[in-house]
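Each chain, letter by letter, is given below.
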Amino acid sequence: MLDYLQKCFELYFRYEQYVPSFSEALDILAKDYLDKIDLVKLLNVEDEEIIKFMAKKAKRITELNFGKVILLYAPLYIANFCENGCVYCGFSKLRKYPREKLSLEQMEEEMQQIKSEGIDSILLLTGEDRKNSPFAYIKNACKLATKYFSEVSIEVYPLSKEEYEELARIGVIGTTIYQETYIKKDYEKLHLFGPKKDYEFRLYTPERALKAGFKAASIGPLLGLSLPKLDVYSAILHADYLMKKYPQAEIAISFPRLRAANTGFKAKHVVSDKEFIKFLLVTRIYLPRIGINLSTRERPSLRDALLDICITKMSAGSKTTVGGYFSKKEDSQGQFEVEDRRMVAEIIEVIRKKGLRPEFTNWIRGVRPYELL
């Protein structure tokens with residue numbers, strides 16, 4: 001993977017400043033399949049008329065491959081202990097505030113609250129701390145979650161292949177792991193200490209999970225930490241690599257933009273709405289079958305506008321604090337600030353008004369796809 005990325009970087013820098021003409025951009029968009037050079041050229045487009053053409057093509061591709069379905073899920077933070085010195089994160093060990101984790105009884109209360117709102121897909125999250133959130137703790141949380149939800153995924157510290165195999169056996173289907181930035185020199189500056197400082201171990205995490213039997217993996221950079229276009233380009237090609245190597249798996253991508261997290265960290269590379277939208281459109285055009293997730297980091301109006309164009313999955317009613325659903329903990333100790341604070345029912349109403357169908361179940365445990373025919 002590292003060698004592959006290095007070759008991709010070399011190609012990117014050859015065309016980094018190349019902005020295609022209007023007619024050349026249209027010729028690229030007329031293609032059925034794009035190559036890596038086309039990808040760089042589209043990422044360099046600034047013309048709003050061309051971006052509108054991108055949106056039309058992205059919408060057609062999304063409907064062709066995914067129909068009119070939007071999968072809804074909820075994140076559940078079960079612990080915020082962390083051993084990492086990430087300068088931008090609300091959970092960083094650099095921040096001094098009381099840490100906490102949920103007991104199994106508290107987890108069950110949170111899960112029941114989430115389930116009562118209709119959600120059937122859950123993402124369990126922790127900070128990265130094997131002492132305070134050991135693997136056994138995560139495994140027990142996953143076991144409990146499978147009692148309530150048809151789809152259970154995790155966003156925790158990178159695990160070994162053997163640990164992923166244990167979770168796959170109890171019904172966990174997916175992992176989310178953000179590389180944060182693919183640009184190694186910046187990655188090292190942003191992660192001062194802790195296990196997350198190991199760039200390569202993190203980079204290969206999705207593959208360990210997929211080799212272990214996971215059915216889904218979601219990746220992406222945190223936009224604002226380093227050069228946004230290069231990070232998006234790298235993430236798209238990382239996703240492409242995973243899709244080709246693990247065709248049986250569902251690969252998804254997300255481009256969260258850096259949000260305030262009470263750390264004092266300020267992004268050097270602010271991504272405008274226009275650029276953010278372009279990134280999503282280019283991703284859909286280059287990877288027609290990729291899942292694209294849009295988080296509550298984005299404001300409601302932007303999330304609503306993108307719903308019927310290129311998005312396939314979005315969080316709803318999200319809380320980024322430990323105990324944020326049943327216990328109503330304040331957002332001030334969350335991992336980041338949430339922009340879309342609407343309830344699940346409000347988001348469902350918006351989805352339906354746009355002629356789309358909200359979906360709450362992505363997998364039916366114990367049933368093979370051909371048995372549904």
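Since the structure is predicted, the reported quantities are computational estimates derived from the model, not experimental observations.

Draft legend 1. Here's a closer look at the overall build of the chain. Secondary structure summary: the chain contains 14 helices and nine strands in total. In terms of principal-axis extent, the alpha carbons of the chain reach across some 60 × 50 × 35 Å. When contacts within the chain are restricted to residue pairs at least 6 apart in sequence, long-range pairs at least 24 apart make up 75% of them. When the accessible surface of the chain is summed, it comes to about 16200 Å², and 54% of that surface belongs to carbon and sulfur atoms. For the chain, the distance from the average site of its 59 positive side-chain charges to the average site of its 52 negative ones is 1 Å.

Draft legend 2. Spotlight on a nonpolar patch on the surface. Side chains of Leu94, Leu192 and Phe193 sit close together on the surface and give an oily, nonpolar patch of about 250 Å² of accessible area. Taking the relative accessible area as the measure of exposure, leucine 94 reaches 41% and is therefore partly exposed.

Draft legend 3. Summary view of the environment of phenylalanine 9. Position of phenylalanine 9 among the secondary structure elements: in helix α1 (residues 2-14). For phenylalanine 9, a relative accessible area of 14% corresponds to the buried category. Separated by 221 residues in the primary sequence, phenylalanine 9 and leucine 230 have C-alpha atoms spaced 8.0 Å apart. With near-sequence residues (within four places) excluded, phenylalanine 9 lies in contact with Tyr182, Leu230, Tyr233 and Ser234.

Draft legend 4. Quick peek at the pairing of strand β5 (residues 216-219). Here β5 shows a buried face lined by Ala216 and Ser218 and a second buried face lined by Ala217 and Ile219. The pairing of β5 with strand β6 (residues 250-254) spans four bridges and is classified as parallel. Among the inter-strand pairings, alanine 217 is bridged to a residue of β6, identified as isoleucine 251. Note on the crossover from β5 through helix α11 (residues 228-245) to β6: the handedness is right-handed.

Draft legend 5. Representation of the packing of aromatic side chains. Applying the stated criterion to the full structure yields 10 aromatic pairs. With a centroid separation of 5.5 Å and 80° between ring planes, the pair formed by tyrosine 12 and phenylalanine 13 is classed as edge-to-face. Assessed through its relative accessible area of 45%, phenylalanine 13 is described here as partly exposed. Note on tyrosine 88 and phenylalanine 265: the rings are 6.3 Å apart at their centroids and 65° apart in plane angle, and the pair reads as edge-to-face. Here tyrosine 88, found in the loop between β1 (69-77) and α5 (104-116), pairs with phenylalanine 265, found in the loop between β6 and α12 (273-286); they are 177 residues apart in sequence, far enough to count as distant.

Draft legend 6. Seen up close, unusual backbone geometry. A positive phi is found at glutamate 180, a non-glycine position, where the angle reads about 75°. Along the chain, glutamate 180 turns up in the loop between β4 (174-176) and α8 (184-190). On the accessibility criterion, glutamate 180 (8% relative accessible area) is buried.

Draft legend 7. Molecular detail of α12. Over its 14 residues, α12 extends 20 Å from the first C-alpha to the last, a length consistent with the 20 Å expected when each residue adds 1.5 Å. Most of α12 is tucked away: 10 of the 14 residues are buried. Along α12, the residues classified as buried are Phe276, Lys278, Phe279, Leu280, Leu281, Val282, Thr283, Arg284, Ile285 and Tyr286.

Draft legend 8. Structural view of the state of the cysteines. For the structure shown, the criterion picks out zero disulfides. Free cysteine cysteine 82: the closest other cysteine sulfur is in cysteine 86, separated by 5.9 Å.

Draft legend 9. Representation of the nonpolar core in the model. In terms of nonpolar packing, the biggest core is built from 61 residues, with Met54, Tyr233, Ile253, Phe255, Phe276, Leu280 and Cys310 touching the most fellow members. A total of nine residues in this core trace back to one element, the largest contributor, which is α11. Apart from residues no more than four positions distant in its own chain, leucine 280 is found in contact with Phe255, Ile292, Leu294, Leu306, Cys310 and Ile311.

Draft legend 10. Up close: the environment of phenylalanine 193. Mapped onto the fold, phenylalanine 193 is located in the loop between α8 and α9 (199-203). For phenylalanine 193 and glutamate 346, which are 153 residues apart along the polypeptide, the C-alpha to C-alpha distance reads 41 Å. Not counting residues up to four positions away in its chain, the partners in contact with phenylalanine 193 are Glu83, Asn84, Gly85, Lys93 and Leu94.

Draft legend 11. Summary view of the pattern of salt bridges. As enumerated under the stated definition, the model contains 31 salt bridges in all. Put simply, glutamate 108 and lysine 147 hold a salt bridge, and the shortest N to O gap is 3.7 Å. Placement of the pair is glutamate 108 in helix α5 and lysine 147 in helix α6 (residues 135-148), with a sequence separation of 39 residues. On the basis of relative accessibility, which here comes to 24%, the residue glutamate 108 falls in the partly exposed class. Note on lysine 147: relative accessible area 60%, which makes it exposed. Lysine 245 serves as the salt-bridge partner of glutamate 207, at 2.9 Å between the closest nitrogen and oxygen.

Draft legend 12. Just the packing of α6 against helix α7 (residues 161-169), in detail. Between α6 and α7, whose axes approach to 10 Å, the crossing angle comes to 20°. By the criterion of interaxial angle, the relationship of α6 to α7 is roughly parallel. In this structure, the crossing between α6 and α7 has a hand that is right-handed. Here Phe135, Lys139 and Cys142 of α6 lie close against α7, whose contacting residues are Glu163, Glu166 and Leu167.

Calculation notes
- Residues numbered from 1 in each chain as written.
- Predicted model: local features only at pLDDT ≥ 70, side-chain atom pairs only at ≥ 80, totals over all residues.
- Heavy atoms only, no water.
- Helix = DSSP H or I, 4+ residues; strand = E, 2+ residues; numbered from the N terminus.
- Contact = heavy atoms within 4.5 Å.
- Areas by Shrake-Rupley, 256 points an atom, 1.4 Å probe, with all protein chains shown as cover.
- Lys, Arg positive; Asp, Glu negative; His and termini not counted.
- Charge placed at Lys NZ, Arg CZ, Asp CG, Glu CD.
- Patch = residues over 30% accessible without salt bridge, like charges linked within 9 Å, V, L, I, M, F, W, Y side chains within 5 Å.
- Salt bridge = Lys/Arg side-chain N within 4 Å of Asp/Glu carboxyl O.
- Buried < 20%, exposed > 50% of the residue type's maximum accessible area, 1.4 Å probe, protein only.
- Pairing = 2+ DSSP bridges.
- Right-handed = clockwise from strand over helix to strand, strands pointing away.
- Phe/Tyr/Trp six-rings, centres within 6.5 Å; stacked < 30°, edge-to-face > 60°.
- Expected span 1.5 Å × (residues − 1).
- Disulfide = S-S within 2.5 Å.
- Core = buried A, V, L, I, M, F, W, Y, C linked by side-chain atoms within 4.5 Å.
- Axes fitted to C-alpha atoms, helices over the stretch in contact; angles between N-to-C directions.
- Parallel < 35°, antiparallel > 145°, perpendicular 65-115°, else oblique.
- Left-handed = near helix turned anticlockwise from the far one by under 90°.

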